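Residue strings, one per chain:
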Amino acid sequence: MKKKLVVVGIFPYLNELLSAIEGLKKEKISISKVYSPMRIEEIREAMGETPLGPGRFFTLTGAILGSLTGIFLAWYTSIQWHFIVGGKPPVPVIPTVIPAFEFFILIAVFFTLAGLLILNRMPRRRLPAHYDKRFSQDRFGIVVHCTADNCEPVSNLLESLGAEEVRRIEE
Amino acid sequence: MHDTGQAGRPKDLTTYAAVDDQILGAMWNPGGFYWLCLAITGLGVLIGAYSWGFQIATGLGAANILHPAMWGTYLTNFVFWVGIAHSGTLISAILFLFRASWRTTISRSSEAMTIFAVMIAGLFPLIHLGRVWLVYWILPYPNQRNLWPNFQSPLVFDVVAISTYLTVSFLFWYTGMLPDLATIRDRAEGLKKRIYGFLSLGWQGSSDSWRHYGTAYLLFAALATPLVVSVHSVVSWDFALGIVPGWHSTIFAPYFVAGAIHSGLAMVLILLIPMRKIFGFENLITIEVLEQIAKTIILTGLIVGYSYVVEHFMAWYGGGKAEQAQYMWRMTGYYSWCFWLMVICNAVVPILLFFKAIRTNLAALFAIGVLVNIGMWFERLVIIVGSEAHEYDPYSWGIYKYPSLVEWGILIGSFSLFFFLFLLFAKFLPTIAITEVKEAIPVPVRGK
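Residues numbered from 1 in each chain as written. Chains lettered and ligands numbered in written order. Predicted model: local features only at pLDDT ≥ 70, side-chain atom pairs only at ≥ 80, totals over all residues.

Digging into the overall build of chain A
Secondary structure assignment for chain A yields five helices and four strands. In chain A, the succession of α and β elements from N to C terminus is β-α-β-α-α-α-β-α-β. Over its C-alpha trace chain A gives a radius of gyration of 25 Å, far above what one expects of a compact globule, namely 16 Å for 171 residues. With the C-alpha coordinates of chain A rotated into their principal frame, the extents come out at 85 × 35 × 30 Å. Counting every position in chain A, which comprises 171 residues, the buried fraction comes to 39%. Considering only contacts in chain A between residues 6 or more positions apart, those separated by 24 or more positions represent 81%. (Helix = DSSP H or I, 4+ residues; strand = E, 2+ residues; numbered from the N terminus. Rg over C-alpha atoms; globule rule 2.2 N^0.38 Å. Buried ≥ 20, exposed ≤ 12 C-beta atoms within 10 Å, placed from the backbone. Contact = placed C-beta atoms within 7 Å.)

Take a look at the structure:
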């Protein structure tokens with residue numbers, strides 16, 4: 001498989017990272033990833049991402065399936081029991097609410113977790129070559145995929161925009 | 001985003017590296033007192049395990065539970081531990097949705113407390129079962145006699161609710177910890193790096209990852225919030241759906257939920273006050289944070305006290321003779337000392353927290369935490385054992401006099417296991433959410 005060229009800019013300050021994102025956008029250079037040690041709204045806004053990801057649709061699917069599972073389980077097991085007690089119908093409605101509610105929560109949570117893992121392509125055994133362990137501690141990072149021709153200008157641009165370190169990596 | 005209020009703001013921490021150093025440093029080198037506590041609680045766990053083993057070998061006769069008070073301290077412990085579990089999700093989910101900043105430094109420990117408490121609570125129905133190896137009968141699986149668990153029974157509701165709560169709490173806790181596990185992975189070497197690398201599932205912290213993480217965390221919180229209210233409501237229906245005087249009450253669900261949060265918050269104080277000292281977290285778990293917990297305890301204490309009054313009022317006003325007799329006996333009968341202890345510890349003692357001098361005094365807070373938990377344990381005993389002991393027919397009245405040595409051993413074992421697990425958690429996992437603390441300090445900006 002052909003290796004890709006990547007430029008990574010490492011920033012110690014948020015304001016410089018944000019202006020670097022703006023600068024790259026102005027130059028119409030596509031940003032592959034922006035790393036930060038924690039969730040920062042300003043980065044999300046600068047990247048033009050919506051506040052909520054598509055993970056919520058996983059949750060909704062799980063919630064619907066969970067409710068149906070709870071109702072089905074309670075009703076099916078009641079139907080299997082053929083004794084009519086006290087003249088009551090074998091399929092109860094009100095007590096079904098509890099298993100339906102609990103399964104609604106349980107399966108919705110499973111789907112939420114599945115959504116998080118799928119959307120983030122997790123679990124993964126190896127981190128990308130451009131990943132720097134300082135990204136989880138106290139540094140911000142911008143990753144730009146480039147060609148042999150534009151790697152140099154992108155590196156220079158990142159340096160001029162405040163990157164304390166710029167690395168070129170093949171991955 | 002970065003304005004998290006004063007209560008949740010860590011003191012003397014200005015850089016992200018300092019946050020990592022302090023929280024992870026405490027984890028790597030917990031000090032001699034930690035190991036002493038671990039050894040003592042480990043011994044307690046062994047006592048509990050031996051007691052349970054002895055009961056399995058000799059039968060349930062090893063416990064002092066006899067008709068009519070068949071549930072004894074085992075179910076008292078069960079409800080007590082489920083209650084303890086509640087404040088963790090309150091702090092991590094409900095306070096998250098309300099954007100209460102003071103939860104930042106205590107959410108992780110409270111969530112861990114929740115998981116350990118539910119695990120221990122789940123042991124008690126098994127212990128009380130006697131023939132524990134038959135527990136799978138309660139699970140809904142096809143079998144040749146077509147016997148399914150009865151989904152109309154509150155006991156089956158309970159199994160579903162507690163197992164859902166344990167699973168959801170664990171996943172919420174673990175998901176919240178993924179970025180912190182990655183932080184440890186990136187600082188560790190050798191085997192540690194591999195273990196934390198495996199546990200962090202390859203978390204990277206890109207803007208897209210954070211967005212999906214934020215969405216999932218918000219939804220987890222939104223799902224856990226109704227769950228926390230439902231679980232102790234369902235536990236209360238174990239009693240309220242029975243016709244036993246003292247149990248058959250419509251206020252049980254909110255009364256139990258408030259009581260659960262009351263005891264859980266008190267347990268948070270019991271855990272956090274020594275923890276902040278042992279690990280040197282005084283600048284993170286500040287007095288202001290503990291004060292917020294104390295203020296919430298005032299609220300839950302008032303709700304619990306109000307419930308005690310309403311229960312007795314309804315028994316009198318309702319006119320049912322058995323109900324009236326039950327509540328009169330509760331105040332004046334064999335378990336009256338337990339009843340008055342419960343009233344004083346749960347409803348009277350928390351009133352002291354109205355005074356700021358007490359709310360900000362660590363020794364007083366710790367003592368109140370202990371007293372509230374003693375009171376809440378006795379509340380469970382009064383409700384469960386006291387009501388069973390004094391039902392409708394005087395012929396069937398009876399007393400559960402005192403726990404046997406085996407029951408004491410199991411009680412000691414359960415508390416020891418809880419603290420033992422918490423100590424292990426504090427050694428191997430970050431007790432304070434590193435990324436959330438980073439969110440609470442000013443972001444690094446050049447020139448400021």
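With respect to the overall build of chain B
Regarding its fold elements, chain B presents 16 helices and zero strands. Its C-alpha atoms give chain B a radius of gyration of 23 Å, within 12% of the compact-globule value 22 Å for 448 residues. Within chain B, the fraction of its 448 residues that count as buried is 53%. For chain B, the proportion of contacts with a sequence separation of at least 24, taken over those separated by at least 6, is 82%.

Quick notes on unusual backbone geometry
For the bond running from M122(A) to P123(A), omega is -5°, close enough to zero to count as cis. In this fold, P123(A) is placed in the loop between α4 (97-119) and β3 (140-146). Cis rather than trans, the peptide bond between H67(B) and P68(B) has omega equal to 5°. Inspection of the secondary structure puts P68(B) in the loop between α2 (32-58) and α3 (72-84). Located in the positive-phi region is R99(B), a residue other than glycine, with phi close to 55°.

What to know about the interface of chain A and chain B
Counting residues at the interface gives 56 residues for chain A and 50 residues for chain B. Looking at the side of chain A that touches chain B, the element that brings in the most residues is α4(A), giving 13 residues. Looking at the side of chain A that touches chain B residue by residue, the class counts come to 31 nonpolar, 13 polar and twelve charged. (Nonpolar A, V, L, I, M, F, W, Y, C, P; charged D, E, K, R; others polar.)

Brief notes about the environment of L36(B)
Assignment of secondary structure puts L36(B) in helix α2. Considered as a pair, L36(B) and M376(B) are 340 residues apart in the sequence and their alpha carbons are 28 Å apart.

Quick notes on the domain arrangement of chain A
Per the domain assignment, the segments of chain A are domain 1 (5-52 + 126-170) and domain 2 (55-119). Just the C-alpha atoms count here: the centres of domain 1 of chain A and domain 2 of chain A sit 45 Å apart. (Domains from an automatic or database assignment.)

Examining the packing of helix α8 (residues 207-240) of chain B against helix α9 (residues 252-278) of chain B
All names here are of chain B. α9 packs onto α8 with a crossing angle of 125° between their chain directions and a minimal axis gap of 8 Å. Between α8 and α9, the interaxial angle falls into the category oblique. Once α8 is placed against α9, the crossing between them reads as right-handed. Residues V229, H232, S233, V235, S236, F239 and A240 of α8 lie in contact with α9, whose contacting residues are F252, A253, F256, V257 and A260. Counted by class, the contact of α8 with α9 contains nine nonpolar, three polar and no charged residues. (Axes fitted to C-alpha atoms, helices over the stretch in contact; angles between N-to-C directions. Parallel < 35°, antiparallel > 145°, perpendicular 65-115°, else oblique. Left-handed = near helix turned anticlockwise from the far one by under 90°.)

Observations regarding the sheet that holds β3(A)
Residue and element names in this part refer to chain A. Taken in spatial order, the four strands make up an open sheet running β2-β3-β1-β4, and their pairing is antiparallel. At either margin of the open sheet sits one strand with a lone partner, and together these are β2 (33-35) and β4 (165-170). Neighbour to neighbour, the strand axes of the sheet diverge by 20° on average, direction disregarded. Relative to β3, β2 is paired through three bridges, and the arrangement is antiparallel. Along β3, the bridge assignment pairs V34 with I142. Where helix α1 (residues 14-26) meets the sheet, its contacts fall on β1 (5-11), β2 and β3, and the angle it forms with β3 comes to roughly 20°. (Pairing = 2+ DSSP bridges.)

Focus on the environment of S307(B)
Residue and element names in this part refer to chain B. Among the structural elements, S307 can be located in helix α10 (residues 287-318). By C-beta crowding, S307 is classed as buried, having 21 other C-beta atoms within 10 Å. Not counting residues up to four positions away in its chain, the partners in contact with S307 are I251, Y255 and A258.

Re the nonpolar core
Among the nonpolar cores identified, the biggest contains 149 residues, and V82(B), A117(B) and A121(B) are the most heavily contacted of them. Broken down by element, the residue count for this core peaks at 16 residues, all from α9(B). Residues in contact with V82(B), not counting those within four places in the same chain, are V118(B), A121(B), I162(B), H232(B), V235(B) and A260(B). By size, the runner-up hydrophobic cluster in this structure holds 25 residues, among which are V8(A), F11(A), L18(A) and A163(A). (Core = buried A, V, L, I, M, F, W, Y, C linked by C-beta atoms within 7 Å.)

Focus: the pairing of β3(A)
Side-chain direction in a regular strand flips from residue to residue, so the side chains alternate between the two faces of the sheet. All names here are of chain A. Burial analysis of β3 places five of its seven residues in the buried class, the great majority of the element. Both β1 and β3 contribute to a ladder of seven bridges, which runs antiparallel. If you follow F11 over to β3, its bridge partner there is F140.

Side note on the packing of helix α5 (residues 107-129) of chain B against helix α15 (residues 405-428) of chain B
Residues and elements named next belong to chain B. Here α5 crosses α15 at 150°, and the two axes come no closer than 10 Å. Between α5 and α15, the angle falls in the class roughly antiparallel. Between α5 and α15 the crossing geometry is right-handed. Contact residues: α5 offers A112, M113, F116, A117, I120 and I127, while α15 offers I410, S414, L417, F418, L421, F422 and F425.

Remarks on α4(A)
Since one α-helical turn is 3.6 residues long, residues separated by three or four positions face the same way. Residue and element names in this part refer to chain A. A rise of 1.5 Å per residue sets the reference length of α4, with its 23 residues, at 33 Å; its end C-alpha atoms lie 32 Å apart and thus fit the reference within 8%. Where burial is concerned, most of α4 is hidden: 18 out of the 23 residues are buried. Just past α4, the residue R121 takes up positive phi, approximately 50°. (Expected span 1.5 Å × (residues − 1).)

Re helix α6 (residues 154-187) of chain B
The end-to-end C-alpha distance of α6(B) is 49 Å, a good match for the 50 Å that 34 residues give at a rise of 1.5 Å each. Of all bends in α6(B), the biggest is about 45°, found at L178(B), and the proline P179(B) comes one to four residues later. (Bend = angle between axes of the 7 residues up to and from the residue.)

Some thoughts on the environment of A62(B)
Residue and element names in this part refer to chain B. Here A62 shows up in the loop between α2 and α3. Separated by ten residues in the primary sequence, A62 and W52 have C-alpha atoms spaced 9.5 Å apart. Sequence-distant contacts of A62, defined by excluding residues within four places in its chain, comprise F54, Q55, S404 and V406.

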